[in-house]
Amino acid sequence: IVTGVQTCALPICPVDPARFPKLCAVVDVIYQPLRTALILRAERLGMPAVNGLKMLTEQGRAAEERFFARRIRSGFWRCMTVFFIWRIPTIISKI
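Residues numbered from 1 in each chain as written. Predicted model: local features only at pLDDT ≥ 70, side-chain atom pairs only at ≥ 80, totals over all residues. Heavy atoms only, no water.

Visitor: Explanation requested: a nonpolar patch on the surface in the structure shown.
Guide: Where nonpolar side chains cluster on the molecular surface, the patch consists of V27, V29, V50 and M55 and spans about 330 Å² of accessible area. Within the element layout of this structure, V27 appears in strand β1 (residues 26-27). A relative accessible area of 46% places V27 in the partly exposed class. (Patch = residues over 30% accessible without salt bridge, like charges linked within 9 Å, V, L, I, M, F, W, Y side chains within 5 Å. Areas by Shrake-Rupley, 256 points an atom, 1.4 Å probe, with all protein chains shown as cover. Salt bridge = Lys/Arg side-chain N within 4 Å of Asp/Glu carboxyl O. Helix = DSSP H or I, 4+ residues; strand = E, 2+ residues; numbered from the N terminus. Buried < 20%, exposed > 50% of the residue type's maximum accessible area, 1.4 Å probe, protein only.)

This is how it looks when you write it as structure tokens:
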């Protein structure tokens, strides 16, 4: 399900994944909070669900590689993703 409703998490689930019987997974591009109402609902239904943090960090990696014309080791980038998981609430609150 891709809702494109807005760029921040909604307190309610904008679309009920249960209404789509052939749905097998949910991707919510929101990364703050890490577990949105949509992700929580999908998990309760037993579906795999992911947020937008991986997309955000991969966009950053691609931009850095393109800007500096060099490859970044995937192990390093995995560490940066874990760092962002813990830092996102602090970073967002300062914007």
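Visitor: Before we go on, may I ask you to explain the nonpolar core in this structure?
Guide: When a protein is soluble and globular, its nonpolar side chains tend to lie buried together. Counting 6 residues, the largest nonpolar core consists of V26, L38, I39, A42, M47 and A49. Element by element, the count of residues in this core is highest for helix α1 (residues 37-44), at 3 residues. With near-sequence residues (within four places) excluded, M47 lies in contact with P17, L23, C24, V26 and A42. (Core = buried A, V, L, I, M, F, W, Y, C linked by side-chain atoms within 4.5 Å. Contact = heavy atoms within 4.5 Å.)

Visitor: Would you mind showing me how to read helix α2 (residues 53-68) here?
Guide: Since the α-helix advances by 3.6 residues per turn, residues separated by three or four positions end up pointing in the same direction. When the terminal C-alpha atoms of α2 are compared, their 23 Å separation across 16 residues agrees well with the 22 Å that a helix rising 1.5 Å per residue should span. Taken residue by residue, α2 has L53, T57, R61 and E65 as its buried positions. What you see down the axis of α2 is that its buried residues fit within an arc of 95°, all on one side. More than 90 degrees from the buried face of α2, the exposed residues found are R66 and F67. Two residues or fewer past α2, A69 is found with a positive phi of approximately 55°. (Expected span 1.5 Å × (residues − 1). Arc of directions from axis to C-beta.)

Visitor: It is not clear to me how the pattern of salt bridges should be interpreted in this structure. Could you clarify?
Guide: Within this structure, the stated rule accounts for 7 salt bridges. A salt bridge links R61 to E65; the shortest N-O distance between them is 2.8 Å. Taken together, the residues R61 and E65, both in helix α2 and 4 residues apart, mark about one turn of the helix. What you see here is one network of salt bridges that share partners, running through K54, E58, R61, E65 and R71.

Visitor: Would you explain the packing of aromatic side chains in this entry?
Guide: To describe a pair of aromatic rings, one takes the distance between the centres and the angle between the planes. Evaluated as defined, the whole model comprises 1 aromatic pair. Their ring planes at 90° and their centres at 4.8 Å tell us that F67 and F68 sit as a pair that is edge-to-face. F67 sits in the exposed class, given a relative accessible area of 66%. Above the ring of F68, the side-chain terminus of R70 is found at 4.9 Å from the ring centroid. (Phe/Tyr/Trp six-rings, centres within 6.5 Å; stacked < 30°, edge-to-face > 60°. Lys NZ or Arg CZ within 6 Å of the ring centre and 35° of its normal.)

Such coordinate-based values are descriptive only and should not be taken to indicate function.
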